[in-house]
Amino acid sequence: MANEKVDVVIVGAGASGSVFAAVLAKAGKKVVILEQGPDWQLTDLISSDFWGRRIKPASGPFLLEGKNPFGYVYQAGWGVGGAALHYFANFPRLLPNDFKIKSEHGRALDWPISYQDVAPYYDKVAQDVGVSGDAKAEEIWRPAGAPYPMPPMKTFRHGEIWLKGCEAAGIRLVPAAVGMNSTDYKGRPACIYDGWCHVGCPTGALSNPLVTYLGDAKKAGAEVRALSTVTRVLTNAQGNKVTGVEYYDAKKERQVQDASVVVLAAWSAQNPRLMLNSTTDKHAKGLANSSGLLSARARGRCSMRTSRTTWARPARNSCPTTAMARPARKARSAAPSSSRAPRSRRAISAVSPMPASICSGPTSPPS
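These numbers come from a predicted model, not from an experiment. (Residues numbered from 1 in each chain as written. Predicted model: local features only at pLDDT ≥ 70, side-chain atom pairs only at ≥ 80, totals over all residues. Heavy atoms only, no water.)

**With respect to the pattern of salt bridges**
Argument step 1. The tally for this structure, following the rule as stated, stands at 10 salt bridges.
Argument step 2. Note that Lys26 and Asp216 form a salt bridge whose closest N and O atoms lie 3.7 Å from each other. With Lys26 in helix H1 (residues 15-26) and Asp216 in helix H6 (residues 213-219), the pair connects residues that are 190 residues apart, well separated along the chain. (Salt bridge = Lys/Arg side-chain N within 4 Å of Asp/Glu carboxyl O. Helix = DSSP H or I, 4+ residues; strand = E, 2+ residues; numbered from the N terminus.)

**Looking at the side chain of Glu35**
Argument step 1. With respect to the helices, strands and loops of the structure, Glu35 is situated in the loop between strand E2 (31-34) and helix H2 (49-52).
Argument step 2. For the buried Glu35, no salt bridge exists, and the shortest N-O distance to an oppositely charged side chain is 12 Å, to Lys218.
Argument step 3. Filtering out sequence-adjacent residues up to four positions away, Glu35 remains in contact with Gly12, Ala13, Trp78, Gly79, Val80, Arg225, Ala226, Leu227 and Ser228. (Buried < 20%, exposed > 50% of the residue type's maximum accessible area, 1.4 Å probe, protein only. Lys, Arg positive; Asp, Glu negative; His and termini not counted. Contact = heavy atoms within 4.5 Å.)

**A look at the environment of Pro152**
Argument step 1. Within the secondary structure, Pro152 is located in the loop between helix H4 (115-129) and helix H5 (157-168).
Argument step 2. In the structure, Pro152 is positioned 21 residues away from Val131 in sequence and 8.6 Å away in space, judged by C-alpha atoms.
Argument step 3. Pro152 has contacts with Ser132, Gly133, Asp134, Pro175 and Ser182, leaving out every residue within four places of it along the chain.

**As for the pairing of strand E6 (residues 242-248)**
Argument step 1. Summarising burial for E6: five of the seven residues are buried, a large majority.
Argument step 2. Across six bridges, the pairing between strand E5 (residues 229-235) and E6 is antiparallel. Bridging from a neighbouring strand, Val230 pairs with Tyr247 of E6.
Argument step 3. In sequence, E5 turns back onto E6 through a hairpin of six residues, with Gly239 there showing a positive phi of about 75°.
Argument step 4. In terms of strand pairing, E6 meets strand E7 (residues 254-264) through five bridges, oriented antiparallel. (Pairing = 2+ DSSP bridges.)

**Looking at the confidence of the model for the protein chain**
Argument step 1. Overall, the prediction assigns the protein chain a mean pLDDT of 82, with 77% of residues at 70 or greater.
Argument step 2. For the stretch residues 303-367, pLDDT sits under 50, and the model shows 162 contacts to residues farther than four places along the chain or on other chains. (pLDDT = per-residue confidence, 0-100.)

**Here we look at H4**
Each turn of an α-helix holds 3.6 residues, which means side chains three or four residues apart point in the same direction.
Argument step 1. The terminal C-alpha atoms of H4, which comprises 15 residues, lie 21 Å apart, in line with the 21 Å expected from a rise of 1.5 Å per residue.
Argument step 2. Buried within H4 are the following residues: Tyr115, Val118, Ala119, Asp123, Ala126 and Val129. Mapping the buried residues of H4 onto a view down its axis gives an arc of 155°, with all of them on the same face.
Argument step 3. Each element contacted by the buried residues of H4 is listed here: H6.
Argument step 4. In the stretch just after H4, Gly130 is the one whose phi turns positive, near 90°. (Expected span 1.5 Å × (residues − 1). Arc of directions from axis to C-beta.)

**Section: the packing of aromatic side chains**
Argument step 1. Using the criterion set out here, one finds five aromatic pairs in the structure.
Argument step 2. For the pair Trp40 and Trp78, a centre-to-centre distance of 6.2 Å together with 70° between the ring planes defines the contact as edge-to-face. Here the residue Trp40 occupies a position in the loop between E2 and H2, and Trp78 occupies one in the loop between H2 and helix H3 (101-105), the gap between them amounting to 38 residues. Across the pair, Trp78 and Trp40 agree in class, each one buried.
Argument step 3. The interplanar angle of 35° and the centroid separation of 6.5 Å between the aromatic rings of Tyr87 and Phe91 together place this pair among those described as tilted.
Argument step 4. Residue Phe91 is classed as partly exposed on the basis of its relative accessible area, which comes to 22%. (Phe/Tyr/Trp six-rings, centres within 6.5 Å; stacked < 30°, edge-to-face > 60°.)

**Quick word on the nonpolar core**
Argument step 1. One finds Ile10, Val31 and Ile33 to be the most contacted residues of the largest nonpolar core, which totals 27 residues.
Argument step 2. Residue assignment for this core shows that the elements contributing at least two residues are strand E1 (2-11), H1, E2, H4 and H6.
Argument step 3. Leaving out residues up to four positions away in the same chain, Ile33 has contacts with Ile10, Gly12, Ala13, Ala21, Leu214, Ala222, Glu223, Val224 and Arg225.
Argument step 4. Of all hydrophobic cores here, the second largest spans 17 residues; its members include Val11, Val233, Val262 and Leu287. (Core = buried A, V, L, I, M, F, W, Y, C linked by side-chain atoms within 4.5 Å.)

**Considering the pairing of E1**
Argument step 1. In the sheet, E1 pairs with E7 via seven bridges, with the strands oriented parallel. By the bridge assignment, Ala2 is partnered in E7 with Val256.
Argument step 2. Both E1 and E2 contribute to a ladder of four bridges, which runs parallel. Across the sheet, residue Val8 finds its bridge partner in E2, namely Val31.

**Some words on a nonpolar patch on the surface**
Argument step 1. Together, Ile46, Phe50 and Trp51 make up an exposed nonpolar region whose accessible area comes to about 390 Å².
Argument step 2. With respect to the helices and strands, the residue Trp51 is situated in helix H2. (Patch = residues over 30% accessible without salt bridge, like charges linked within 9 Å, V, L, I, M, F, W, Y side chains within 5 Å. Areas by Shrake-Rupley, 256 points an atom, 1.4 Å probe, with all protein chains shown as cover.)

In structure tokens, the structure reads:
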């Protein structure tokens, strides 16, 4: 069944999709968000690993097959809010030298943009979602910027032990920037430190999409359709323009949502899967895959964490690790070793969100 055409249809109601939805809906665009999982509410979030499994893919009907199967991990998302509904909210920034890996390390490629280009957006997101930290202290490894809207989270006794030990070894530590409320913020209460961020925060102290961008998008008129499984991105007869998506609703009935713009924000494995599944006589290999390389360079990432250690340190080359004083574990990769980033760079990537894919206007040339 066809639905009324909208300006934008967004696939995935997680961290990326919610940002697109909020920005576009506030700009007056008619936005529909399609999400495969349930429409979770804060009241569905319970501080228990047993009950917490409900909001994760372990309970979802996922099937990722192929020559090299790609599965979901425990912290992946399923439902409205995505993986950002239940995460540890560590918000480390890329550093100026992360944008110049080729120039400074002779490997990979330099970014066409610099830290200075994205710094204002780091500051804006911190204000939008609420970040606790000490921006001034972070100047030991990054340029000065706007202060975080809230002071750092508390440090408990095991954290004090880390502080004393690292201070004795000459290692400087600063409070990690986290998307948790150390004080009341924008009508949301301060964190009560119960330590169950990884199964969701029922009070709203954790900056998940329900209480930040997705909430803003819905207030601006965006529509969220839960239990809607998108199967294909649709194109016109000429194969040169995206026209919408095909999906199956909660009743397992086929639906078509026409749109001027399609945004794929369904995670780094599902985005290429949808594009590969969208074959036509004009795109025999799938959309945007005339080269045959779509998803061919996909890599997994692993990260490690200590319990409630809210301090980070600069690594040997002045690049911060994740939210603990230890670099992330090396992930397996099929890529040549020469293309791998330095050790400390991988630690940052372990918590960096994957960008959404945008399909609008002309597609790639027919394959």
